[in-house]
Amino acid sequence: MDWKGFTHDLLRIAAGLMFLPHGAQKLFGLWGRDPAILASQSGVGGVIELFGGLLLVVGAVHALDRVSLLGNDGSRILAISRCGLLG
């Protein structure tokens, strides 16, 4: 058994399954949240997370797509840290 390929696929699917519900929550207003406007930062983030997560799960993601997913969340972390919410 190829453990390297197996663990790579397992981590890829797990990451995709973490992005999917976050994007669905933002776009469709699930779990007590109002749906985001698509032209807002939250709306664009929801689209990236939903479709990027789906692409991760099915294995159709290239390095550039992974960078855009990480950049999406990284920009939010940077914005929060500039507001002083991280300490």
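Refer to the structure printed above.
Residues numbered from 1 in each chain as written. Predicted model: local features only at pLDDT ≥ 70, side-chain atom pairs only at ≥ 80, totals over all residues. Heavy atoms only, no water.

### What to know about unusual backbone geometry
- Phi is positive for Trp-31, which is not a glycine, with a value near 55°.
- Of note, Trp-31 is situated in the loop between α1 (3-28) and α2 (41-58).
- Classification of Trp-31 as exposed rests on a relative accessible area of 61%. (Helix = DSSP H or I, 4+ residues; strand = E, 2+ residues; numbered from the N terminus. Buried < 20%, exposed > 50% of the residue type's maximum accessible area, 1.4 Å probe, protein only.)

### Here's the deal with a nonpolar patch on the surface
- There is a patch of nonpolar side chains on the surface, built from Leu-38, Val-47, Phe-51, Leu-54, Leu-55 and Val-58 and spanning about 530 Å² of accessible area.
- Along the polypeptide, Val-58 turns up in helix α2. (Patch = residues over 30% accessible without salt bridge, like charges linked within 9 Å, V, L, I, M, F, W, Y side chains within 5 Å. Areas by Shrake-Rupley, 256 points an atom, 1.4 Å probe, with all protein chains shown as cover. Salt bridge = Lys/Arg side-chain N within 4 Å of Asp/Glu carboxyl O.)

### A look at the packing of aromatic side chains
- Tallied over the entire structure, the rule returns one aromatic pair.
- When the ring of Trp-3 is compared with that of Phe-6, the centres are 5.8 Å apart and the planes differ by 90°; the resulting orientation is edge-to-face. In this pair, Trp-3 and Phe-6 both sit in helix α1, three residues apart, roughly one turn of the helix.
- By relative accessible area, which is 40% here, Phe-6 ends up partly exposed. (Phe/Tyr/Trp six-rings, centres within 6.5 Å; stacked < 30°, edge-to-face > 60°.)

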